[in-house]
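Residue-level structural notes
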Amino acid sequence: MKMIWRFIKPVKKALFLGLLIKAVGSLLELLLPYILELILDDIVPTRSVELILFWSAMMILCALGCWIFNITANRLASGVARDATREIRHALFDRSLYLSCSKTDAFTIPSLESRLTSDTYNVHRFLGMAQRMGIRAPIIVLGGFAITIFMDPVLSLVLLGTLPFISILVYIRAVKGIPLYTSVQRKSDRMVSVVRENAQGIRVIKALSRVDHEKERFANVNQDIRDAEIHAQKVMAVVSPGMNLFLYLGWTGVLLLGAHRVSLGLSKPGVIIAFMSYFTIISRSLMAISRMFIMTSRGLASANRIEEVLNCETEKDWQPGNFPPSDPQYTIEFKDVTFSYLKVRNNLQHISFKLKKGETLGVLGATGSGKTTLLSLLLHFYELDEGAIYLNGEDIRNIPPQELRSRFGIVMQNDFLFSQTVAENIRFGREVSEETLKKALENAQASEFIEGLEEGTDYLLTSNATNLSGGQRQRLLLTRAFASQPEILLLDDSSSALDYATDARLRKALAENYADTTMIIIAQRVSSVRACDQILLLEDGRIASSGTDEELLESSPLYASICASQMGGALFD
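Cut-offs and rules
Residues numbered from 1 in each chain as written. Predicted model: local features only at pLDDT ≥ 70, side-chain atom pairs only at ≥ 80, totals over all residues. Heavy atoms only, no water. Helix = DSSP H or I, 4+ residues; strand = E, 2+ residues; numbered from the N terminus. Rg over C-alpha atoms; globule rule 2.2 N^0.38 Å. Buried < 20%, exposed > 50% of the residue type's maximum accessible area, 1.4 Å probe, protein only. Areas by Shrake-Rupley, 256 points an atom, 1.4 Å probe, with all protein chains shown as cover. Lys, Arg positive; Asp, Glu negative; His and termini not counted. Charge placed at Lys NZ, Arg CZ, Asp CG, Glu CD. Pairing = 2+ DSSP bridges. Axes fitted to C-alpha atoms, helices over the stretch in contact; angles between N-to-C directions. Contact = heavy atoms within 4.5 Å. pLDDT = per-residue confidence, 0-100. Parallel < 35°, antiparallel > 145°, perpendicular 65-115°, else oblique. Left-handed = near helix turned anticlockwise from the far one by under 90°.

1. With respect to the overall build of the protein
Helices and strands together make up the secondary structure of the protein, namely 20 helices and 10 strands. For the protein, whose C-alpha radius of gyration is 35 Å, the value lies well above the compact-globule estimate of 25 Å for 573 residues. Across its three principal axes, the protein shows a C-alpha extent of roughly 115 × 55 × 45 Å. Relative to its 573 residues, the protein shows a buried fraction of 48%. Carbon and sulfur atoms form 59% of the exposed surface of the protein, whose accessible area is close to 28900 Å². In the protein, 60 positive and 61 negative side-chain charges are present, and the distance between their average locations comes to 10 Å.

Have a look at this one:
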């Protein structure tokens, strides 16, 4: 609730005004049965047409006032819920963008998506319902009981007799609801995960004829969420019939006892009619309170999930460390770095190397050997377990994350292109001149195919550029990295989809135009790293061997075998 109140505070004036108007409208609604009883029992017997017309007009005015006040209050409630939820979404989205990679991994992407969509929707519904019924229902219930006690204390005992039973049912709904609906939301996360995977991997699914398998997998998670919803609804559904039972028993009691008291002259017919009206609006309000508890259970369960992200430490909360510097002559230095994702087994162990300005490091290794992890640590996506990483002699833990990453041009292994134009994807919100953009396209060997497009750089890409080939996508990603004119280039398997001729031209462009740029090149092809100043051969997270191409050919049988298998008998430069 603290989280929700934080976002309501900016619109608290509208909130309190709406609650005040709602309270006035509810009080006017309570007056209607009382005026009706007054007309039937006190005014009609006088046979005064003027008094009957006057009090009838008062009833009409109260009804109109009630209608106008309720509409106004409901509009204000909708506005408060809308504005508060919009700010919650903005804050949650902003927080999600600044989560560390380890925190993102812990929450999972589907869960974050679910919190941004279904959880904020539940909070929105809760805020609206709470304002519309949170003040009206208690006023109707308490005010109605107070008036009925004043009108006929004996008959009111029948109403009061149902309260303990109704209160127990409402309490059960409140206590059981939050954990049940939290479970439903977790299962919803799982379903979002499956849908997301299928949407992104639809081509692979079709290519491998796994449509039926994925349909079955979705059916299973869909069944899980259905079962959880049914269980929650069954537990919650017991309450409403129970409340109806006690309310109608009370109604019957009022009719029987009221008829008996009227026959004895202890009460009046108008009182019985007013009692029935009060009983009706009280019963409706109690049912609304019951429904509100369901909405509250969902809303608070969702609010707790949202609050987990909002209270999570992010890169916005970054504080500089007090780590000692190293030798500034090295642009990049890894000093005995060890890291584990799950803290079970090390993904990298005792990694050390140094690169001066303009030098290039090539990294080779089997899948899972830790190549991409190396770059993730350099970008400070994760915290080191042991050792240190330096940039120009400064420990990266002393550098603000945004400032650190602005020094790099990056092409990651699974990079993403957005459903925007080619130019927008290259600029990516940065100030890039036409001349720089054109030069970047040429260096990335992308000019030829871009010029072949009718719209050129205004060509609109689909999500992740599915309307381009793999090689064309990689060249656009390279262009994006080159366009920032970075101090350091990080290329993670960035030319795997290029043909050998294009790859050779790319390597030549890198050598000629980025001679002063420090580079780390991760590749599967030996030809992509042979000209590097240093080559690391990773194996199970360790450096199996390191050196230049000539040194490794002599000292590393593994490197020599890779060269022989990839390049033996082939024409290469």
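2. Details of the sheet that holds strand β7 (residues 488–492)
What links the strands of a sheet is backbone hydrogen bonding, and the strands pair in either a parallel or an antiparallel sense. Pairing within the open sheet is mixed, and its 6 strands lie in the order β6-β7-β8-β3-β9-β10. Strands with a single pairing partner mark the edges of an open sheet, and in this sheet they are β6 (408–411) and β10 (542–547). For this sheet the average axis-to-axis angle between neighbouring strands, irrespective of direction, equals 15 degrees. Its contacts with the sheet put helix α17 (residues 470–483) on β6 and β7, and the angle it makes with β6 is roughly 175 degrees.

3. As for the environment of A423
One can find A423 in helix α14 (residues 422–427). Other than its neighbours up to four places away in sequence, A423 contacts L437 and T457.

4. Quick look at the confidence of the model for the protein
Here the protein averages 86 in pLDDT, and 97% of its residues register 70 or above. Here residues 569–573 is a poorly scored stretch, pLDDT under 50, and it has 4 contacts once near neighbours within four places are set aside; other chains count.

5. Notes on the packing of helix α15 (residues 434–443) against α17
Between α15 and α17, the shortest axis-to-axis distance is 8 Å and the interhelical angle comes to 135 degrees. Classified by the angle their axes make, α15 and α17 are oblique. For the pair α15 and α17, the crossing hand works out as right-handed. For the pair α15 and α17, contact is made by T436, L437, A440, L441 and N443 and by L476, T479, F482 and A483, respectively.

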